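Analysis of the macromolecular model
Spelled out, the chains give:
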Amino acid sequence: MGMGVEEQEPLLKSTEASGQFDALPEVDYSNLSNSPHVLEEQRVVGSHIKSGYGALSTETLPLKKLVYTWNDINVFTTDSTLSKKKSIVNFFSKRCNGQSYGERKQILRNVHGEARPGELMAILGSSGAGKTTLLNALTFRSGKGVIAGGYRSLGGHPLTPSHLTALSAYVQQDDLFIGTLTVREHLTFQSLVRMDRQVPYSQRIKRVNEVISELALSKCQNTVIGIPGLLKGISGGEMKRLSFASEVLTDPPLMFCDEPTSGLDSFMAQNVIQVLKGLAQNGKTVICTIHQPSSELYAMFDKLLLMAEGRVAFLGSPDNAVTFFSGLGASCPVNYNPADFYIQLLAIVPSQEELSKQTVESICDSFQNSELGIRLAQQTENFVHFKEKAPWDFDDSWSGSTRGKSPYRVSWFAQFRAVFWRSWLSVIKEPMLIKVRLLQTVMVSLLIGIIYFGQKMDQDGVMNINGAIFIFLTNMTFQNVFSVTNVFCSELAVFLREHRSGMYRTDVYFLCKTLAETPIFAAIPILFTSISYFMIGMNPEPARFFVTVGIAILVANVATSFGYMVSCASKNISMAMSMGPPLIIPFMLFGGFFLNSGSVPVYFAWLSKLSWFKYGNEALLINQWDGIDDIACTRANSTCPRSGAIILQTLNFSPDDFTTDILALVGLVIGFRILAFFALLVRTYRSQ
């Protein structure tokens, strides 16, 4: 809230209330490397990591060794609206850490702080104060166009992004899940890819049961998570607790949460904070950003970190906050939510921007110069000069003996088994994929069979059968392309989050996702061909029928591979659905039905060679007409093909090319999938 000039005067004075703050527990980093106890402790820690769930345990290290500190955190953002010319000028004029970043805007300024085990720290502040930016900087997750610098340590030991990822859990604001899985299935999958490879399956399931019990998920453990608007599932509070459950499976000593109460009602929000409070009381270090907490939630916080204009306005206990702000002449009124009071006090009021900024600067300077602020800055600076090996570096073979070589906790085959199991579950439990597609296939095949019913081997039947064959190809293409264009787009956010967390590789995800759906894309063409083939009256030889089924399966899988490529290359589902038809039309034109294969312009020959319509149409027509020597003519004075050879010759198709057509279809299946994989790989690297 805005403050009058009379109310702000005490803020401009130096406070004398700093001596009333509770003293911070001293953490002596100077003698850590010289103590035999610490050396033995490091040995025990290395042993524990190998035999545990994959993260440090608070039972192994003293609580003070797990204090997470940060010092001189500065974050800048680049101006993406700069023109190219201006960017070139800035390349030579402005640099940061030896790199050019063009024009920069500073978001965080010299932020110091620490979080201790057994305490729940809440980062508060108005919108734009830098809460989420700080949390991202503390977890090495700053996005593109953001430059984050500073020092971070655990127990006095500098941390790297890979170490912090292994030692911490990060619960993001958005809950992203595969909605067709149940709560237990989701947690089982998480245990298979998050826990170290030495942990036996029985111990993983035991840990899953423990987490389900601890986070009160027993009642909904066999309920599907749900898809908003499509599949009813668990409630919002249960979904948030499931997010916590996924992260605490490995029992990490650090937890970061980005606005865990966002979108929840007061009861659910209190339930979620109670979960965090319980985790902190079990010895974890919990840091979370909170947007406008109620007084009940505020009472559960052990530490407050108030942010304003990218600076620390206060860091300490709620009782210390009362003392500090009272000394500045800004006491919280009785029966008023302290969180609301502090947020309004530190907010930038649109109609009083200059006055509000002066107030914020005064408060931040007062805290920085207070006894509590000075001690905090000195204490967080100690680790900068401490360069001894950290406990989690004591044995380079920690976390599965390959952590130094691979960012993943489990082997490639273990990842494959887990991801394939989840992908298969999501396929067979997806109502749209199974029921709707089967119904669609049956209806379309029956419709085509009825329209082209009972064709004879005569002049009119030739044209009708050729048209039905091309309809086969068109239906197999559009049905399969549109059924997969949303596959990777819809799960991209889940995949990127899990991949960045070191759960599984990109190639494992792509391979498992495509293999799990292969049976569906084999069954659909079989069902479609079986219904309409004999209704139309195509070549009745059994061998010709099975060849037609095989070609239909190949064409369906080429179309599926093409759809995968479009899906992986698209930013969202709308873009993928818009790109599909325009890209398919050119391939369809070169299929030999609308344009004779001998009439393709030379400059489009390369595009014709990529058309699965051409290879599929030629292979199906060869299978249909090769060996047919007697075709009746129904109309006089008209050109009538007397045999199948004449039909193929008219279309510029040759029976000698049948094997080439089949090999070309197989090659297109493989080629399009390789391109799809590389498109997904590029998306993965660009998101990092």
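Note that this is a predicted model, so its numbers are computed, not measured. (Residues numbered from 1 in each chain as written. Predicted model: local features only at pLDDT ≥ 70, side-chain atom pairs only at ≥ 80, totals over all residues. Heavy atoms only, no water.)

1. Let's talk about the overall build of the chain
For the chain, the count of helices and strands is 25 helices and 12 strands. A total of 688 residues make up the chain; the buried ones form 53% of that total. Nonlocal contacts in the chain, meaning residues at least 24 apart in sequence, comprise 79% of its contacts between residues at least 6 apart. (Helix = DSSP H or I, 4+ residues; strand = E, 2+ residues; numbered from the N terminus. Buried < 20%, exposed > 50% of the residue type's maximum accessible area, 1.4 Å probe, protein only. Contact = heavy atoms within 4.5 Å.)

2. Topic: the pairing of strand 9 (residues 254-258)
Burial analysis of strand 9 places 5 of its 5 residues in the buried class, which makes it a mostly covered element. Burial along strand 9 is two-sided: the residues Leu254, Phe256 and Asp258 and Met255 and Cys257 are all buried. Note: strand 8 (residues 168-171) against strand 9, 4 bridges, orientation parallel. Counterpart to Ala169 in the pairing with strand 9 is Met255. Where strand 9 lies against strand 10 (residues 285-289), 5 bridges are found, and the strand directions are parallel. (Pairing = 2+ DSSP bridges.)

3. Brief notes about the packing of aromatic side chains
Inspection of every chain in the model, using the stated rule, returns 37 aromatic pairs. When the ring of Tyr68 is compared with that of Phe256, the centres are 5.7 Å apart and the planes differ by 80°; the resulting orientation is edge-to-face. A residue pair is termed long-range when its members are at least 10 positions apart, and Tyr68 in strand 1 (residues 68-78) and Phe256 in strand 9 qualify at 188 residues. A relative accessible area of 0% places Tyr68 in the buried class. With relative accessibility at 0%, the residue Phe256 sits in the buried group. Ring pairing ties together the aromatic residues Phe189, Phe488, Phe495, Tyr504, Tyr509, Phe510, Tyr564, Phe677 and Phe678, which thus form one cluster. Here the basic side chain of Arg152 rests over the ring of Phe140, its NZ or CZ set 4.2 Å away from the ring centre. A cation over a ring is seen here: Arg422 above Phe189, with NZ or CZ 4.1 Å from the ring centre. (Phe/Tyr/Trp six-rings, centres within 6.5 Å; stacked < 30°, edge-to-face > 60°. Lys NZ or Arg CZ within 6 Å of the ring centre and 35° of its normal.)

4. As for the pattern of salt bridges
Inspection of the entire model under this criterion finds 18 salt bridges. For Glu185, the salt bridge is made with Lys429, and the minimal N-O distance between the two is 2.9 Å. Note that Glu185 is positioned in helix 6 (residues 183-194) and Lys429 in the loop between helix 15 (412-428) and helix 16 (431-451), a separation of 244 residues in sequence. Judged by its relative accessible area of 18%, Glu185 falls in the buried class. Where Arg207 meets Glu210, a salt bridge forms, and the shortest distance between an N and an O atom there is 3.3 Å. Here Arg207 and its partner Glu210 are both found in helix 7 (residues 201-214), 3 residues apart, which amounts to about one turn of the helix. Assessed through its relative accessible area of 7%, Arg207 is described here as buried. (Salt bridge = Lys/Arg side-chain N within 4 Å of Asp/Glu carboxyl O.)

5. Details of the confidence of the model for the chain
Mean pLDDT over the chain: 78, with 82% of residues reaching 70 or higher. Highest mean pLDDT in the chain belongs to helix 20 (residues 542-569) (92); lowest belongs to helix 2 (residues 36-51) (36). Here residues 23-51 scores under 50 on pLDDT; set against residues more than four positions off or in separate chains, the count is 56 contacts. Confidence drops under a pLDDT of 50 for residues 80-102, and excluding neighbours within four residues, the segment shows 21 contacts in the predicted structure. (pLDDT = per-residue confidence, 0-100.)

6. Considering the side chain of Thr180
Along the chain, Thr180 turns up in the loop between strand 8 and helix 6. We classify Thr180 as buried; its relative accessible area is 3%. Once you skip the residues sitting within four places of it in the chain, Thr180 turns out to touch Glu185, Val224, Ile227, Leu231, Ser426, Lys429 and Glu430.

7. Observations regarding the packing of helix 6 against helix 15
Remark: helix 6 packs on helix 15, axes separated minimally by 9 Å, with the N-to-C direction vectors making an angle of 160°. As far as their axial angle goes, helix 15 and helix 6 are roughly antiparallel. Helix 6 and helix 15 meet at a crossing whose hand is left-handed. Contacts between helix 6 and helix 15 involve Glu185, Thr188, Phe189, Leu192 and Val193 from the first element and Ala418, Val419, Trp421, Arg422 and Leu425 from the second. (Axes fitted to C-alpha atoms, helices over the stretch in contact; angles between N-to-C directions. Parallel < 35°, antiparallel > 145°, perpendicular 65-115°, else oblique. Left-handed = near helix turned anticlockwise from the far one by under 90°.)

8. Some details on helix 13 (residues 353-369)
Here helix 13 is 17 residues long and its end C-alpha atoms lie 24 Å apart, about the 24 Å a rise of 1.5 Å per residue gives. Of the positions making up helix 13, those classed as buried are Ser356, Thr359, Val360, Ser362, Ile363, Cys364, Ser366 and Phe367. (Expected span 1.5 Å × (residues − 1).)

9. Focus: the sheet that holds strand 11 (residues 303-308)
Read across the open sheet, the 6 strands follow the order 8-9-10-5-11-12; overall the sheet is mixed. For this open sheet the edge positions go to strand 8 and strand 12 (311-316), each flanked by a neighbour on one side alone. Strand-to-strand, the axes of this sheet are offset by a mean angle of 15°, without reference to chain direction. The sheet contact formed by strand 5 (residues 120-124) and strand 10 spans 4 bridges and is parallel.

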